[in-house]
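A structural walkthrough
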Amino acid sequence: MKSIILMGIKHCGKSTQGKLIAKHLNCDFFDTDDIITEQTGMTPREIYSKKGKDSFMEAETAACNFLLNRGESLCVIATGGGICNNNDALKALRQIGTFVFLNTSESIACNRIVHEARILKDGTITNLPAYIAKEDPQNMSDVRNCFHTFYVARQKIYQNICDIRVDMKVTSKSENLKEILSALSIMK
């Protein structure tokens, strides 16, 4: 069996479901964001904001090459939301696995982003994904509008590159796990 590579918009459940799938299959779980942090000493958000998009994409590609070079054993990989725009990283991962798009509704993903955001006393909004923060939203309505544009564009890309699409439901983690395993035809 090929490795399972989970992709989708931020907060679609890649890490949560990835850990559950790995446990079910008794295999290793990797999160590309964690590998980036281990390899660079910086979080993906820090790299993106301090060094720029190109440096982040280089770090992401290095993380994916690490996974490619680790050997043939089955694993589950949760990718960062922007991997769909990093052809070099995708090329490395394509050699080892099946791309599974965890499709979640715009409202659920956006609500999770808004929930994590913090409004400081001066009105600055912090703890936003870099792609929203760079748009300098002035309020939560701006955050939602930025996310909408981004969501629509990303959904098309994920759909075009995935091998399997699984629509995440508003249900328990275990029910969504069953949906993913069923789509992969590996129910036990």
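Read on for a plain summary of the structure. (Residues numbered from 1 in each chain as written. Predicted model: local features only at pLDDT ≥ 70, side-chain atom pairs only at ≥ 80, totals over all residues. Heavy atoms only, no water.)

With that out of the way, let us pick up the environment of Val100. Note that Val100 resides in strand 4 (residues 97-103). On the accessibility criterion, Val100 (0% relative accessible area) is buried. Measuring from C-alpha to C-alpha, the distance between Val100 and Leu6 comes to 4.9 Å, with 94 residues separating the pair along the chain. In contact with Val100, not counting residues within four places along its chain, are Ile4, Ile5, Leu6, Met7, Ile164, Val166 and Leu184. (Helix = DSSP H or I, 4+ residues; strand = E, 2+ residues; numbered from the N terminus. Buried < 20%, exposed > 50% of the residue type's maximum accessible area, 1.4 Å probe, protein only. Contact = heavy atoms within 4.5 Å.)

Here we take up the pairing of strand 1 (residues 3-7). In terms of residue burial, strand 1 counts as a mostly covered element, since 5 of its 5 residues are buried. The two faces of strand 1 match: Ser3, Ile5 and Met7 on one face and Ile4 and Leu6 on the other face are all buried.

For any two helices packed against each other, the geometry comes down to the angle between their axes and how far apart the axes lie. Where helix 6 (residues 106-116) meets helix 8 (residues 140-161), the axes come as close as 10 Å, and the angle between the chain directions of the two elements is 135°. The angle between helix 6 and helix 8 falls in the class oblique. As helix 6 packs across helix 8, the resulting crossing turns out to be right-handed. For the pair helix 6 and helix 8, the contacting residues are Glu106, Ala109, Cys110, Asn111, Ile113 and Val114 in the first and Met140, Val143, Arg144, Phe147, His148 and Tyr151 in the second. (Axes fitted to C-alpha atoms, helices over the stretch in contact; angles between N-to-C directions. Parallel < 35°, antiparallel > 145°, perpendicular 65-115°, else oblique. Left-handed = near helix turned anticlockwise from the far one by under 90°.)

With that settled, consider the layout of surface pockets. Empty space among the atoms becomes apparent when a probe as large as a water molecule is rolled across them. Of the pockets and cavities examined, the largest pocket occupies roughly 1,300 Å³. In this structure, the largest pocket is lined by 45 residues; those nearest its centre are Lys10, His11, Lys14, Asp33 and Gly81. Counting residues per element, the ones that place at least two in the lining of the largest pocket are helix 1 (14-25), helix 2 (32-40), helix 3 (44-51), helix 4 (53-69), helix 6, helix 7 (130-133), helix 8 and helix 9 (173-184). Broken down by class, the residue content of the lining of the largest pocket amounts to 13 nonpolar, 17 polar and 15 charged. (1 Å grid on protein atoms, 1.4 Å probe; cavity = no way out; pocket = protein on both sides within 12 Å on 5 of 7 lines; lining within 4 Å. Points joined across faces, edges and corners; volume = space filled by probe spheres on them. Nonpolar A, V, L, I, M, F, W, Y, C, P; charged D, E, K, R; others polar.)

For Asn26, which is not glycine, the phi dihedral falls at a positive 55°. Given a relative accessible area of 71%, Asn26 falls into the exposed group.

This brings us to the pattern of salt bridges. Within this structure, the stated rule accounts for 5 salt bridges. Glu179 is the salt-bridge partner of Lys169, the closest N and O atoms lying 3.7 Å from each other. Separated by 10 residues along the polypeptide, Lys169 in the loop between strand 7 (164-167) and helix 9 and Glu179 in helix 9 bring together distant segments of the chain. A relative accessible area of 35% places Glu179 in the partly exposed class. (Salt bridge = Lys/Arg side-chain N within 4 Å of Asp/Glu carboxyl O.)

The tally for this structure, following the rule as stated, stands at 4 aromatic pairs. A centroid spacing of 5.7 Å and a plane angle of 40° characterise the contact between Phe147 and Tyr151, whose relative ring orientation is tilted. Separated by 4 residues within a single helix, Phe147 and Tyr151 lie in helix 8, roughly one turn from each other. Of the two residues, Phe147 and Tyr151, neither departs from the other in class, the shared state being buried. Stacked on the ring of Phe99, the Lys or Arg Arg94 has its end atom at 3.8 Å from the ring centre. A cation over a ring is seen here: Arg154 above Tyr131, with NZ or CZ 5.8 Å from the ring centre. (Phe/Tyr/Trp six-rings, centres within 6.5 Å; stacked < 30°, edge-to-face > 60°. Lys NZ or Arg CZ within 6 Å of the ring centre and 35° of its normal.)

Turning next to the nonpolar core. Residues Ile21, Leu93 and Phe147 are the most contacted members of the largest nonpolar core, which totals 56 residues. Among residues more than four places away in sequence, those in contact with Phe147 are Ile9, Glu106, Ala109, Cys110, Ile113, Tyr131 and Ile132. (Core = buried A, V, L, I, M, F, W, Y, C linked by side-chain atoms within 4.5 Å.)

Let's shift gears to helix 5 (residues 87-94). One turn of an α-helix holds 3.6 residues; hence residues three or four places apart share an orientation. Burial in helix 5 covers these residues: Ala89, Leu90, Ala92 and Leu93. Projected down its long axis, helix 5 carries its buried residues within an arc of 160°, all on one side. Exposed residues pointing more than 90 degrees away from the buried face of helix 5 are listed as Asn87, Asp88 and Lys91. Where helix 5 is buried, its residues meet strand 1, helix 4, strand 3 (75-78), strand 4 and helix 8. (Arc of directions from axis to C-beta.)

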